Amino acid sequence: MTASRLVVIGADAAGMSAASQARRRRRDPDDLDIVAIERQPWTSYSACGIPYWVAGQVAGPDALIARTPEQHRANGIDLRTGQEAVAIDVDRGRVRVRDRVEGSEYDLDYDDLVIATGAVPVRPPVPGIDAPGVYGVQTIDDGLALLDALAESPQRAVVVGAGYIGIEMAEAMCDRGLTVTVVDMADEPMSTLDPDMGRLVRKAIEGMGVTVASGHPVREIAVGPDGRARAVVTDSGTYEADLVVLGLGVKPNTALAEAAGLPLGPHGGLVTDVRQRVVGHPTVWSGGDCVECRDRVTGELVHVPLGTHANKQGRVIGVNLGGGYLTFPGVVRTAVSKVCDLEIARTGLREVDATRAGYEFVTASLASTTRAGYFPGAQPMTTKVIAERRTGLLLGAQIVGRSGSAKRIDTAAVALWNGMTVEEVAGLDLAYAPPFSPVWDPVLIAARKAADLVAAGAGAGGDAGG
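Let us now look at the pairing of strand S12 (residues 211-214). Every regular strand shows the same layout, with side chains that alternate between the two sheet faces. Direction of pairing for strand S11 (residues 179-184) relative to S12: parallel, over a ladder of 4 bridges. Bridging from a neighbouring strand, Asp184 pairs with Ser214 of S12. Following the backbone out of S11, through helix H6 (residues 195-207) and into the adjacent parallel S12, one traces a crossover that is right-handed.

A side chain with one charge may pair with a side chain of the opposite charge, provided their charged atoms come close. Scanning the model with the defined rule gives 31 salt bridges in all. Overlapping salt bridges bring together Asp295, Glu300, Arg333, Arg350, Asp353 and Arg356 as one network.

With that settled, the discussion passes to the pairing of strand S24 (residues 380-388). Across the 9 residues of S24, 8 count as buried, placing the element largely inside the fold. Relative to S24, strand S23 (residues 361-369) runs antiparallel, the two being bridged by 9 bridges. By the bridge assignment, Ser368 is partnered in S24 with Met381. Pairing analysis gives 7 bridges linking S24 to strand S25 (residues 394-401), with the strands arranged antiparallel.

Moving on, we come to unusual backbone geometry. Of note, the amide linkage connecting Gly60 to Pro61 takes the cis form, showing an omega dihedral of 0°. Topologically, Pro61 is positioned in the loop between helix H2 (50-55) and helix H3 (69-74). In this structure, Ser44 is a non-glycine residue whose phi angle is positive, near 45°. Turning to its location among the elements, Ser44 is positioned in the loop between strand S2 (32-38) and H2. Notably, Met190 is not glycine yet its phi reads approximately 55°, a positive angle.

The next point concerns the packing of aromatic side chains. The tally for this structure, following the rule as stated, stands at 0 aromatic pairs. Sitting over the face of the ring of Trp417, Arg296 holds its NZ or CZ atom 3.8 Å from the ring centroid. Stacked on the ring of Trp440, the Lys or Arg Arg448 has its end atom at 4.5 Å from the ring centre.

On to the nonpolar core, then. Ranked by size, the top nonpolar core spans 39 residues in total, and within it Leu146, Met173, Leu243 and Ile344 carry the most contacts. Put simply, the parts of the chain that give this core at least two residues each are H2, helix H4 (140-150), strand S10 (156-160), helix H5 (164-175), S11, H6, strand S16 (243-246) and strand S22 (342-348). In terms of residue count, the dominant contributor to this core is H5 (5 residues). Dropping the residues within four chain positions of it, Met173 is found in contact with Val54, Leu146, Leu150, Ala157, Leu178, Val180, Leu243 and Val245. Formed by 36 residues, the second largest nonpolar core is a distinct cluster that contains Ala406, Ala412, Ala413 and Ile445.

Criteria and thresholds
Throughout this description, residue numbers start from 1 for each chain and increase along the sequence as written. Residue-level local features of this predicted model are given only where pLDDT is at least 70; pairs of side-chain atoms are given and counted only at 80 or more, and the full residue set underlies all totals for whole chains, interfaces and linings. Excluded from the side-chain calculation are hydrogens and water; included are all heavy atoms of the structure. If DSSP finds at least two bridges between two strands, the strands pair. Secondary structure elements are defined from DSSP: runs of H or I of at least 4 residues count as helices, runs of E of at least 2 residues count as strands, and each element is numbered from the N terminus. By convention a crossover is right-handed if, when the strands point away from the viewer, the path from the first strand over the helix to the second runs clockwise. What makes a salt bridge here is a side-chain nitrogen of Lys or Arg within 4 Å of a carboxyl oxygen of Asp or Glu, nothing more. Accessibility here uses a 1.4 Å probe with only protein chains present; expressed as a share of the type maximum, an area under 20% marks a residue as buried, one over 50% as exposed, and anything in between as partly exposed. Aromatic pairs are defined between Phe, Tyr and Trp rings, using the six-membered ring for Trp, whenever the two ring centres lie within 6.5 Å; interplanar angles under 30 degrees are classed as stacked, those over 60 as edge-to-face, and all others as tilted. Remark: a charge is flagged as sitting over a ring if the NZ atom of Lys or the CZ atom of Arg is within 6 Å of the ring centre and within 35 degrees of the ring normal. In this text, buried Ala, Val, Leu, Ile, Met, Phe, Trp, Tyr and Cys residues form a nonpolar core when linked through side-chain atoms within 4.5 Å. When checking whether two residues touch, look at their non-hydrogen atoms; a contact exists if any pair is within 4.5 Å.

Here it is, written out as structure tokens:
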């Protein structure tokens with residue numbers, strides 16, 4: 001009997017999770033040939049760890065790699081690095097591959113195809129964006145290039161973008177001793193938070209000595225006589241730089257899929273069913289940063305590029321390809337980050353998301369501490385809760401605070417996942433001891449405040465919206 005062939009495009013989290021699970025789950029491993037195509041020399045690595053490697057907080061790049069190409073090959077996967085998929089023919093079940101070293105091309109026939117092409121950094125079409133001295137933070141090669149630049153002892157860095165990557169790179173540049181400016185077109189840093197919470201982030205970043213120039217888009221990356229980036233120009237001013245770091249987020253890498261006629265969602269990501277099959281194409285599967293997934297609160301398609309989802313979706317694909325049955329249940333948009341000792345977390349909907357979805361809602365914010373106020377090391381934190389106005393259904397939560405704050409967001413994430421009301425959240429039996437929490441955990445108090453607003457039928461004003 002001829003073995004069937006699985007072709008995987010992309011050898012990072014989703015792709016290699018799918019390949020490894022499919023290999024492991026098959027009753028007869030010999031009835032499945034797995035070929036994985038990867039344009040880079042690196043596989044199965046943590047892109048999320050790159051800012052901390054650049055900062056010198058963790059070792060790299062080898063420490064960021066979960067499994068090397070050699071380890072994958074030892075597990076029976078024909079992993080081909082330095083190879084790039086350039087076309088997909090879904091009618092013939094064929095992928096066109098280019099050898100990036102030799103320039104030659106060849107065809108790979110498949111019985112099943114996994115598209116795990118990830119995401120690509122957002123690069124706005126402004127003059128100078130591709131000049132030498134402008135650095136992305138997406139791949140291990142990006143990290144190596146930035147470290148080489150830092151070895152030249154630059155004095156000034158401008159970080160473009162104040163989202164997760166932007167603020168993490170601002171910290172990395174501070175740790176390296178540079179003078180840092182962060183520029184962003186949003187009015188406040190961290191647009192994944194509501195503006196009132198973003199203002200707390202701004203205050204903390206400025207307290208580190210970072211200049212925050214927000215509310216104006218970048219117009220140009222000005223270059224010097226040597227052609228290298230020397231300044232970032234915005235409507236609010238010109239900010240000199242020895243190097244420029246892009247932290248503008250990412251978008252789905254789906255040009256190849258789009259050219260093949262595969263369906264894309266409103267954010268440009270591939271659309272799949274609950275088993276991660278591309279809709280309308282039963283032999284094509286996809287997961288990771290190149291797909292859109294279902295938000296469990298609103299039911300809408302969203303693009304949430306996180307390694308947690310990529311690994312889970314890869315496992316779902318692999319189990320299904322291995323003869324089992326598994327579905328991906330969706331997301332509630334939970335995320336955490338840090339800049340120095342400031343921790344930032346969110347889950348569920350922001351106010352703008354709730355308004356767009358049609359909800360009327362109440363909000364409750366609480367300034368508190370991470371431990372009992374009298375206990376040494378208690379740190380300030382602010383918790384915000386958003387709830388549906390009529391039912392009290394929890395819609396979202398955000399936390400900004402010092403060390404010991406962020407992981408509390410998991411309590412809200414579990415509550416969201418299970419469709420709890422803020423009244424129910426306020427009654428949760430959470431652990432307490434003075435070194436860990438006040439007697440009333442901040443999440444519980446914020447939920448209780450929101451529940452009181454719901455019970456009182458809060459009208460328009462600072463605590464209600466939508």
